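Reading the structure
Residues per chain, in single letters:
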Amino acid sequence: DLNGGLEMMGTLLTGLILFLKTPFCSRLSDLQFSALKFPKESREGFAHVNKSFPALSSVSVCVRVQWDPWWSEVSTIFSYAAPVFTNEFQLRGQADMQGRILLALIIHGKHLPYKASFPNDGAWHQICVTWQRSGGHWAIYVDGDRKDTGSGTDTSRDIYGDGILILGQDQDSFGGNFTEPFFGNITDLNVWNMSLESRHVRLLNECSPVTQDLLFSWNLELLSSHPVVKEVQALLFCPGKMKPFKIYNLNLFSANKSCCLLVYFVGLVSLALMIFALLYEGEIQSKAE
């Protein structure tokens, strides 16, 4: 009867609403990365990048970090030390009282100011740092945006080659005497023999590759880690992985948004057809009676 039909329609409508609220569409642009977890239970955690680096007149390093929000001391994200000079190139961070993680570079032993930042929210954030000998220009990018830049670093020489790149620790000596550990998760470390431009960084933040002059690409098989450092899986938002999706020759934003629009459109049409069918069935039934 009509009451039964309306009850069935209500059930179908509830199911449709629950379906539309599922995270199916949003998950189209997520990408899984293998990450390294540096636990706060130990100050010994580090990862050694098993890669020989040449002398560098330009360099860029990008990495994604998930900061332990309960740790406020100075932490070293990565440190590059050469046999003749330990503090060649380093990125460190420290929590402040305003709920931010402040970032600073060390280049040729010169400690640059803490200025660039991201929220101390426990979420994943992408950091890119660049330097070039010509003009001594450097920059720090966070989540695709340039947060700090400057010049005036030592331009008399390149960054020394044949060094050691360590994740999660400061090297007070070449490859040892670790201090100022990092606590949290790290993934997607990449190193280039060039100074990345803003457009490159935006692409990288979207998980789109920049392969020219790439010296090191994230690969856990090329890392030697302390036993306390464990491999974990990280699910990161990667809008650059979404593909164009055309319906009737109309480019509807992206695969993610297009899929969601299509799902909603089909759902609404289906709901309208159900209502029409049930009302029509009720009208016929009343006339028959």
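Residues numbered from 1 in each chain as written. Predicted model: local features only at pLDDT ≥ 70, side-chain atom pairs only at ≥ 80, totals over all residues. Heavy atoms only, no water.

**Structural notes on the nonpolar core**
Judged by nonpolar contacts, the single largest core of 42 residues is most densely connected at Ile77, Phe89, Leu103 and Ile127. Broken down by element, this core gets its largest block of residues, five residues, from strand β3 (residues 58–67). Sequence-distant contacts of Leu103, that is, excluding residues within four places in its chain, are made with Ile77, Leu91, Arg92, Gly93, Pro113, Tyr114, Lys115, Ala116, Phe118, Ile127, Ile140 and Val142. In this structure, Cys128, Trp192, Leu204 and Val210 belong to the second largest nonpolar core, which totals ten residues. (Core = buried A, V, L, I, M, F, W, Y, C linked by side-chain atoms within 4.5 Å. Buried < 20%, exposed > 50% of the residue type's maximum accessible area, 1.4 Å probe, protein only. Helix = DSSP H or I, 4+ residues; strand = E, 2+ residues; numbered from the N terminus. Contact = heavy atoms within 4.5 Å.)

**Regarding a nonpolar patch on the surface**
A grouping of Val84, Phe85 and Tyr160 is seen on the molecular surface, where their side chains present a nonpolar patch of about 260 Å² in accessible area. On the secondary structure map, Tyr160 appears in the loop between β11 (145–150) and β12 (164–167). For Tyr160, a relative accessible area of 32% corresponds to the partly exposed category. (Patch = residues over 30% accessible without salt bridge, like charges linked within 9 Å, V, L, I, M, F, W, Y side chains within 5 Å. Areas by Shrake-Rupley, 256 points an atom, 1.4 Å probe, with all protein chains shown as cover. Salt bridge = Lys/Arg side-chain N within 4 Å of Asp/Glu carboxyl O.)

**Remarks on the environment of Leu222**
By secondary structure assignment, the location of Leu222 is in the loop between β16 (214–216) and β17 (223–225). Judged by relative accessible area, Leu222 falls into the partly exposed class, the value being 36%. Not counting chain neighbours up to four residues away, the residues in contact with Leu222 comprise His48, Val49, Asn50 and Phe216.

**Quick look at helix α2 (residues 198–205)**
When we look at burial in α2, the residues that qualify are His200, Val201 and Leu204. Within α2, the buried residues cover an arc of 95° as seen down the axis, which keeps them to one side. Against β3, β9 (124–132), β10 (138–142) and β15 (184–192) lie the buried residues of α2. (Arc of directions from axis to C-beta.)

**Topic: the environment of Ala55**
Relative to the helices and strands, Ala55 is located in the loop between β2 (47–49) and β3. In this view, Ala55 contacts Asp158, Ile159, Tyr160 and Gly161; residues no more than four positions away in its chain are not counted.

**Thoughts on unusual backbone geometry**
Positive phi is not limited to glycine here, since His108 has a value of about 55°. Within the secondary structure, His108 sits in the loop between β6 (100–107) and β7 (110–111). Assessed through its relative accessible area of 10%, His108 is described here as buried. Not every positive phi belongs to a glycine, and Asp143 is a case in point at roughly 50°.

**Focus on the pattern of salt bridges**
In total, this model carries nine salt bridges according to the counting rule given. Across the salt bridge formed by Asp158 and Arg133, the nearest N and O atoms sit 3.1 Å from each other. On the criterion of sequence distance, the pair formed by Asp158 in the loop between β11 and β12 and Arg133 in the loop between β9 and β10 is long-range, its members being 25 residues apart. A relative accessible area of 23% means that Asp158 is categorised as partly exposed.

**Some remarks on the packing of aromatic side chains**
In total, this model carries seven aromatic pairs according to the counting rule given. When the centroid spacing of 6.2 Å and the interplanar angle of 65° are considered together, the rings of Trp67 and Phe118 count as edge-to-face. Separated by 51 residues along the polypeptide, Trp67 in strand β3 and Phe118 in strand β8 (residues 116–119) bring together distant segments of the chain. Classification of Phe118 as buried rests on a relative accessible area of 3%. Note on Phe78 and Phe89: the rings are 5.9 Å apart at their centroids and 40° apart in plane angle, and the pair reads as tilted. Note that Phe78 is positioned in strand β4 (residues 75–82) and Phe89 in strand β5 (residues 85–95), a separation of eleven residues in sequence. Residue class for Phe78 comes out buried when judged on its relative accessible area of 1%. Clustering of aromatic rings is evident, with ring pairs tying together Phe38, Trp67, Phe118 and Phe182. Just above the ring of Phe85 sits the side chain of Arg157; from NZ or CZ to the centre is 5.6 Å. (Phe/Tyr/Trp six-rings, centres within 6.5 Å; stacked < 30°, edge-to-face > 60°. Lys NZ or Arg CZ within 6 Å of the ring centre and 35° of its normal.)

**Details of the confidence of the model for the protein**
Looking at the protein as a whole, its pLDDT mean stands at 83, while 73% of the residues score no less than 70. For residues 17–27, every residue scores under 50 in pLDDT, and the model assigns this stretch nine contacts once sequence neighbours within four places are set aside. Low pLDDT, under 50, characterises residues 243–264; the predicted model gives this stretch 33 contacts beyond four residues in sequence or across chains. (pLDDT = per-residue confidence, 0-100.)

**Examining the state of the cysteines**
Covalent bonding between the sulfur atoms of two cysteines is what defines a disulfide. Per the counting criterion, the structure on display carries two disulfides. Each sulfur of the disulfide joining Cys207 and Cys238 lies 2.0 Å from the other. Disulfide Cys207 to Cys238: torsion about the S-S bond roughly -55°, handedness left-handed. With a gap of 31 residues between them, Cys207 in the loop between α2 and β16 and Cys238 in the loop between β18 (230–237) and β19 (246–247) connect regions that are remote in the sequence. Each member of the pair, Cys207 as well as Cys238, is classed as buried. Here the protein pairs its bonded cysteines, counted in sequence order, in the arrangement 1-2, 3-4. (Disulfide = S-S within 2.5 Å.)

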